[in-house]
Amino acid sequence: MDGEHFALSGVERDREKLPPIYNTSPPTGFGRGAKHAFPSLGTFISTLSQRRELSGRGSTGALTGTLTGIPGMRHGRELPPISCDVRQKQRISIDTLPPEVKAPFPSDPIIPLRTKTTKEFQEDVERAVYTGDWREVREFYLTTFDSFIEINAAFKREANGSFNTTEDSGVNAKFVNAVYDALLSTPQDIQKSVLKGIINSLLREWKGPRTKDDLRAYLILVQNPQYSSTSTYVIYAHLLRQIAALSEADHHYLVHWLKKLSARRFRQLVERLLQFISTRLFPAEPDELPPLAKCNWWIPSATKVLGLFNAANSVSSPPIMPFTDFYNITLEHIDFMEQYRTWQNHGNSNRFSFCQFPFILSTVVKKAIIQRDSEQQMISEARQSLVSKVSRRQRVDMNLLFLNIKVRRAQLLSDSLDELTRKRCDLKKKLRVTFVGEAGLDMGGLTKEWFLLLVRQIFHTDYGMFTYLKDSRCHWFSSWKCDNYSEFQLVGTLMGLAVYNSIALDIHFPPYCYRKLLTPPTVPCDQNAPVGMATATLEDLQQIMPELAHGLGELLTYEGNVEEDFYLTFQVFQEDMGVIRAYNLKPGGDKTPVTKQNRKEYIQLYIDFLLNKSIYKQFAAFYHGFHSVCASDALMLLRPEEVEMLVCGNPELDMSALQKAAQYEGYSKTDTTVRCFWDVVQAFPSELQKKLLHFATGSDRVPVGGMADLNFKISKIDVSTDWLPISHTCFNQICLPPYRTRKELKHKLTIAISNAEGFGLE
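## A look at the overall build of the chain
Scanning the chain from terminus to terminus reveals 30 helices and 10 strands. Taking the intrachain contacts of the chain between residues at least 6 apart in sequence as the baseline, contacts between residues at least 24 apart amount to 72%. Approximately 38,200 Å² of the chain is accessible, and the part contributed by carbon and sulfur atoms is 52%.

## With respect to the environment of A182
Structurally, the position occupied by A182 is in helix 8 (residues 173-183). By relative accessible area, which is 14% here, A182 ends up buried. It is 9.7 Å that separates the C-alpha atoms of A182 and F121, two residues lying 61 residues apart in sequence. When sequence neighbours within four positions are dropped, the list of residues in contact with A182 reads F121, V125 and Y141.

## Examining helix 14 (residues 298-315)
For helix 14, built from 18 residues, the straight-helix expectation of 26 Å at 1.5 Å per residue is met to within 8% by its first-to-last C-alpha distance of 26 Å. With 14 of 18 residues buried, helix 14 lies mostly within the body of the structure.

## Digging into the side chain of D214
Mapped onto the secondary structure, D214 falls in helix 10 (residues 212-221). A polar contact is formed between the side chain of D214 and the backbone nitrogen of T211, at a distance of 3.0 Å.

## A short note on the sheet that holds strand 8 (residues 713-716)
An order of 7-8-10-9 is seen for the 4 strands of this open sheet, with the pairing classed as mixed. Of all the strands in the sheet, just strand 7 (663-665) and strand 9 (726-728) have a single pairing partner and so form its edges. Within this sheet the neighbouring strands show an average axis-to-axis angle of 25°, counted without direction. When strand 9 meets strand 10 (residues 733-736), the two strands line up antiparallel, connected through 3 bridges. Residue pairing in the sheet places S727 in a bridge with I734 of strand 10.

## Some words on helix 19 (residues 486-500)
Given a rise of 1.5 Å per residue, 15 residues ought to cover 21 Å, and the 20 Å separating the end C-alpha atoms of helix 19 matches this to within 8%. Those residues of helix 19 not exposed but buried are F488, L490, V491, G492, T493, L494, M495, G496, L497, A498, V499 and Y500. Of the residues trailing helix 19, S502 is marked for its positive phi of about 60°.

## Quick look at the packing of aromatic side chains
In this structure the tally under the stated criterion is 46 aromatic pairs. Where Y253 meets W257, the ring centres are 5.8 Å apart and the plane angle is 70°; that geometry is what we call edge-to-face. Placement of both Y253 and W257 in helix 12 (residues 248-258) is noted, with a separation of 4 residues, approximately one turn of the helix. On the accessibility criterion, W257 (2% relative accessible area) is buried. Measuring from ring centre to ring centre gives 5.9 Å for Y602 and Y606, while their planes differ by 40°; the resulting arrangement is tilted. Linking Y602 with Y606, this pair stays in helix 24 (residues 599-611), spanning 4 residues, or about one helical turn. There is no split in this pair, since Y602 and Y606 are both buried. In this structure an aromatic cluster arises from ring pairing among F459, F466, W476, F477, W480, Y485, F488, F509, Y512, Y514, F619 and F622. The ring centre of W298 lies 5.3 Å from the NZ or CZ of R280, which sits over that ring. In this structure, K516 is placed above the aromatic ring of F619, and the distance from its NZ or CZ to the ring centre is 4.5 Å.

## Quick look at the nonpolar core
The biggest cluster of nonpolar side chains holds 170 residues, and the ones touching the most others in it are Y141 and W450. Filtering out sequence-adjacent residues up to four positions away, W450 remains in contact with I405, V407, L412, S416, L420, L431, V433, F435 and L494. Membership of the second largest hydrophobic core comes to 29 residues, among which are W678, F684, L692 and A752.

## Looking at the packing of helix 6 (residues 135-144) against helix 9 (residues 188-203)
One can describe the packing of helix 6 onto helix 9 by two numbers: an axis separation of 8 Å at closest approach and a directional angle of 15°. One way to sum up the angle between helix 6 and helix 9 is to call them roughly parallel. Note on packing geometry: the crossing formed by helix 6 with helix 9 is right-handed. Between helix 6 and helix 9, the residues in contact are V137, R138, Y141 and L142 and D189, I190, S193 and V194, respectively. Among the residues making up the contact of helix 6 with helix 9, the classes are represented as 5 nonpolar, 1 polar and 2 charged.

## Section: the pairing of strand 1 (residues 402-407)
Examined bridge by bridge, strand 1 and strand 2 (residues 430-435) share 6 bridges and lie parallel to one another. Residue pairing across strands places V407 opposite F435, the latter belonging to strand 2. In this fold, the crossover linking strand 1 to strand 2 by way of helix 17 (residues 412-422) has right-handed handedness.

## Here we look at the pairing of strand 5 (residues 571-576)
Because side chains alternate across strand 5, one face comprises the buried residues V572, Q574 and D576, and the other comprises Q571, F573 and E575, none of which is buried. Where strand 5 lies against strand 6 (residues 579-584), 6 bridges are found, and the strand directions are antiparallel. Paired with Q574 across the two strands is R581, which belongs to strand 6. Linkage of strand 5 to strand 6, two consecutive antiparallel strands, is achieved through a turn of 2 residues, within which M577 is found at a positive phi near 55°.

## Observations concerning the pattern of salt bridges
Under the defined criterion, the tally for this structure stands at 26 salt bridges. Note that R408 and D415 form a salt bridge whose closest N and O atoms lie 2.8 Å from each other. We classify R408 as partly exposed; its relative accessible area is 42%. Notably, a salt bridge pairs R515 with D540, separated by 2.5 Å at the nearest N-O pair. Here the residue R515 occupies a position in helix 20 (residues 511-517), and D540 occupies one in helix 21 (residues 538-544), the gap between them amounting to 25 residues.

## Considerations on the confidence of the model for the chain
Taken residue by residue, the chain gives an average pLDDT of 82. The fraction at 70 or more is 83%. Note that residues 1-42 has pLDDT below 50 and, in this model, 70 contacts with residues that lie over four places away or in other chains. Confidence over residues 55-106 falls short of pLDDT 50; this stretch has 58 contacts with residues more than four positions distant or in other chains.

Each value, and the rule that gives it
Residues numbered from 1 in each chain as written. Predicted model: local features only at pLDDT ≥ 70, side-chain atom pairs only at ≥ 80, totals over all residues. Heavy atoms only, no water. Helix = DSSP H or I, 4+ residues; strand = E, 2+ residues; numbered from the N terminus. Contact = heavy atoms within 4.5 Å. Areas by Shrake-Rupley, 256 points an atom, 1.4 Å probe, with all protein chains shown as cover. Buried < 20%, exposed > 50% of the residue type's maximum accessible area, 1.4 Å probe, protein only. Expected span 1.5 Å × (residues − 1). Polar contact = N/O pair within 3.5 Å; in protein donor to acceptor, adjacent residues only side chain to side chain. Pairing = 2+ DSSP bridges. Axes fitted to C-alpha atoms, helices over the stretch in contact; angles between N-to-C directions. Phe/Tyr/Trp six-rings, centres within 6.5 Å; stacked < 30°, edge-to-face > 60°. Lys NZ or Arg CZ within 6 Å of the ring centre and 35° of its normal. Core = buried A, V, L, I, M, F, W, Y, C linked by side-chain atoms within 4.5 Å. Parallel < 35°, antiparallel > 145°, perpendicular 65-115°, else oblique. Left-handed = near helix turned anticlockwise from the far one by under 90°. Nonpolar A, V, L, I, M, F, W, Y, C, P; charged D, E, K, R; others polar. Right-handed = clockwise from strand over helix to strand, strands pointing away. Salt bridge = Lys/Arg side-chain N within 4 Å of Asp/Glu carboxyl O. pLDDT = per-residue confidence, 0-100.

Here it is as structure tokens:
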């Protein structure tokens, strides 16, 4: 008893020293008796620390006394008043149950019955706004947010219903939205009383597993719009910490409940979390938030909760919002390479890194990580070559620092294949291309042209490696069989070199191809382990062969006699170099009819055959070619869509953005020639705009960072206006003679960009 009294009095003395949350006494008319002042938000952390210290030192009784004996502090599990007789009856009935029937888990407390409806609440608010009498609204907010039990009492559709499924949280979402939509328009004392109630709930020391009512309370509390203000960030941080610390099973429930939120509300909560992380990283005022050293758990907690929203978005079909809206562009200004190294060294351990949650990193950051990781590998490869030469006392040739590719235009494909096969040990060096018989020095432009010409030739339908599917406007792997798949490996190597050297390619693979490319994201140690065998669905087939997918969809929903009407077996036929071959989808497939009962199995096996098994050797060669260059942990950070963006860039051209980012040499943006140039370019059809971009940069694709990343420059060349414009693709530079009229400039520019292949002396 003495220990209990000591713990209680110690906390009371500390409470008396803390400033109250109200500057004046609480407003009258609460109807709930006197309320003692609660600590200010600034002392929230220290109060929580004191509570934990006391619970660690004292006995269970001391902890209970601390929680229940503080004036004005309502118990988070407080039950409604019930008679002694009822309590005694419950105790006797439980004690008389046989041991095997007694549940080892704590039962949910009885929730008081609250009958206020959304309409009644809205009428109360309207009346308060009209009369200025907020007593009834104040009483509602004060009661509702006083504890987790009261939150459930107000917002649970049935006070003591179980609602223990992932499909239904049991929360009256319409009522929650109405209460929160009105909150920021209420007087300040009401808003403070809500925060006070939330503090009471969060300071409650929990023992044992959370109940579903607790999860409901967290779901409701995280939607509070007050957290948009930095003055509430301390409370918000502790709420996020508790949600982040929930068990995996509890997170599973929250993920499925979150996806039921309206798209507008869901987006608001995601944006609030992103803003919280950004503000914590870069506060507007130095003293706006507590020192980062004292609350370094804020960002990990917020990021983990944001991960729940990302998971909810991923399991929704279609997604609630684009995955790119989870990017936090503020992270482009931190030392993300340090984050990457921390992740490499510690993985998904307790050492936090943003790389553990790659959905928050923009493609710009991921590209920069891959580039810097590539540069380090390039430097390492070059250093090893240099040291090897010096140690053997051989003459050092600076060419050994590069992957030097020499090709003839007339034999482009065969020369490229020979060069890459012969120099596969040098793939991670800086790429440098030379066209035999041309006096071009590769500063980047010839490399871009080599990629462009090679891709154009490889994907030509006459070559037969890939099939162009008109319905889906994409290329897919040819299923023809051969003894050597080295050319597929060349295509994979090309894609890897493009990513490695930051070159965008004009390749049209379906999204499923990039999912296969990341299955797995790093090459297995076991050479016999399967690669590229991503799970395929009817939706994936729809992206590649929409007509066939439609037919299989009709088979799946057919109401008649499948066996007699379709007369199918688990055997399919495929053309291979003009020969029709039969393939069993499973052992004895030619003798197994497709029925209503097994049609799902048939469709799944057929899709897997088309997209995986029939092209396995081709894709495996392609996979190993890509990863022979891009063998990096950074690939694990990427989504398939982001790999596609890194490989292909952005096909959508924004000439207005290019104009804004353009630099000038010898001209200013107000000169007649420059103004005529942009008038002409803006009026060009998209095909000519792509030709212009190719003419000036060597590629018609926009890099991941957008037009601004091109460093596009317009320079003046003092020659006769009879000259055509010239370009330096190595430097993304176009040189214009001082044309005087729009008509003259358009004529000369169109000729130049339409005849821009090959290196010519200027």
